[in-house]
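Commentary on secondary and tertiary structure
Each chain is listed here by its residues.
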Amino acid sequence: MIKIEKSVYDKPEPSDGKRILVMKFWPRGISKDKVDLWMKDLGTDKELIKKWKKGKVPWDKFAAEYRKSLKGKEELLRNLAEESKAGTITLLCTDRDPNRCHRSLLKAAIEEQSV
């Protein structure tokens, strides 16, 4: 199972399973013990995230660019798909809205590898 509804700033819970940070840069104020694995290669490109945060890129364009950035990372996605079959994984970043965050796109990409 893949969970995306948590921010890295939310309190860790046993139901999180393996907590995986999926950001290019380590977030301020977060100690290493709050995360089990850091997969910075699955984070959003710095320029794309800046444009998104400033409202210069609509969600559909952001989503398309992020999906494009996952090309060539299929092995990482397959590994996460296998881990999610074995137990719960929680994809983490600083954004608190899972529906307008790359985590939702990443979850979908991981699930595509499970098929």
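In case you missed it, the structure is sitting above this.
Our subject in this report is the structure included herewith.

Calculation notes
- The residue numbers shown here count from 1 along each chain, following its written sequence.
- Residues qualify for local features only when their pLDDT is at least 70, as the model is predicted, and side-chain atom pairs are given and counted only at 80 or more; totals for whole chains, interfaces and linings, by contrast, use all residues.
- To get the side-chain values, take all heavy atoms of the structure and skip hydrogens and water.
- A pair of strands is labelled paired if DSSP reports no fewer than 2 bridges between them.
- The helix and strand labels rest on DSSP assignments: H or I over at least four residues marks a helix, E over at least two residues marks a strand, and numbering proceeds from the N terminus.
- Grouping buried Ala, Val, Leu, Ile, Met, Phe, Trp, Tyr and Cys residues that are joined through side-chain atoms within 4.5 Å yields what is termed a nonpolar core.
- Accessibility here uses a 1.4 Å probe with only protein chains present; expressed as a share of the type maximum, an area under 20% marks a residue as buried, one over 50% as exposed, and anything in between as partly exposed.
- By the convention used here, residues are in contact when the closest approach between their heavy atoms is within 4.5 Å.
- Helix span, expected: 1.5 Å multiplied by one less than the number of residues in the helix.
- A pair of Phe, Tyr and Trp rings is counted when the ring centres sit within 6.5 Å of each other, with Trp represented by its six-membered ring. The angle between the planes then sorts it: under 30 degrees is stacked, over 60 is edge-to-face, the rest tilted.
- We call a charge positioned over a ring when the NZ of a Lys or the CZ of an Arg lies within 6 Å of the ring centre and within 35 degrees of the ring normal.
- Between Lys or Arg on one side and Asp or Glu on the other, a salt bridge is scored when a side-chain nitrogen of the former is within 4 Å of a carboxyl oxygen of the latter.

Spatially, the four strands line up as an open sheet ordered 1-4-2-3, and their pairing is parallel. Whereas interior strands pair on both sides, the edge strands pair on one side only; in this sheet they are strand 1 (2-3) and strand 3 (37-38). As paired elements, strand 1 and strand 4 (residues 89-92) share two bridges and run parallel to each other. Paired with Lys3 across the bridge in strand 4 is Thr90.

Ranked by internal contacts, the top residues of the largest apolar core, which has 23 residues, are Leu42, Phe62, Tyr66, Leu80, Leu91, Leu106 and Ile110. The contacts of Tyr66, once residues within four sequence positions are left out, are Leu42, Gly43, Thr44, Leu48, His102, Leu105 and Leu106. In this structure, Val8, Met23, Ile30 and Cys93 belong to the second largest nonpolar core, which totals eight residues.

If a strand is regular, its side chains alternate between the two faces of the sheet. Both faces of strand 4 are covered, namely the face carrying Ile89 and Leu91 and the face carrying Thr90 and Leu92. Note: strand 2 (residues 18-21) against strand 4, four bridges, orientation parallel. The residue bridging Arg19 from the neighbouring strand is Thr90, located in strand 4.

In this section: helix 4 (residues 102-114). Between its terminal C-alpha atoms helix 4 stretches 19 Å, which fits the 18 Å expected from 13 residues at 1.5 Å a residue. Along helix 4, the positions that sit buried rather than exposed are His102, Arg103, Ser104, Leu105, Leu106, Ala109 and Ile110. Contacts made by the buried residues of helix 4 are with strand 1, helix 2 (59-69), helix 3 (74-86) and strand 4.

A ring pair, where both rings are aromatic, is described by two values, the distance of the centres and the angle of the planes. Going through the model one piece at a time under the given rule, you end up with four aromatic pairs. Geometrically, the ring pair formed by Trp59 and Phe62 is stacked, given 5.3 Å between the ring centres and 25° between the ring planes. Of this pair, Trp59 and Phe62 both sit in helix 2, three residues apart, roughly one helical turn. Residue Trp59 is classed as buried on the basis of its relative accessible area of 18%. It is Lys32 that lies over the ring of Trp26; its NZ or CZ is 4.0 Å from the centre. Sitting over the ring of Trp38, Lys40 keeps its end group 4.8 Å from the ring centre.

With that settled, consider the pattern of salt bridges. Scanning the model with the defined rule gives eleven salt bridges in all. In this structure, Glu83 engages Lys18 in a salt bridge whose closest nitrogen and oxygen atoms are separated by 3.0 Å. Here the residue Glu83 occupies a position in helix 3, and Lys18 occupies one in strand 2, the gap between them amounting to 65 residues. Assessed through its relative accessible area of 29%, Lys18 is described here as partly exposed. Lys50 is the partner of Glu47 in a salt bridge, and the nearest nitrogen-oxygen pair spans 3.9 Å. Of this pair, Glu47 and Lys50 are both found in helix 1 (residues 46-53), three residues apart, which corresponds to roughly one turn of the helix. Glu47 sits in the partly exposed class, given a relative accessible area of 44%. Members of the salt-bridge network, linked through shared partners, are Lys3, Lys6, Glu13, Asp16 and Arg19.

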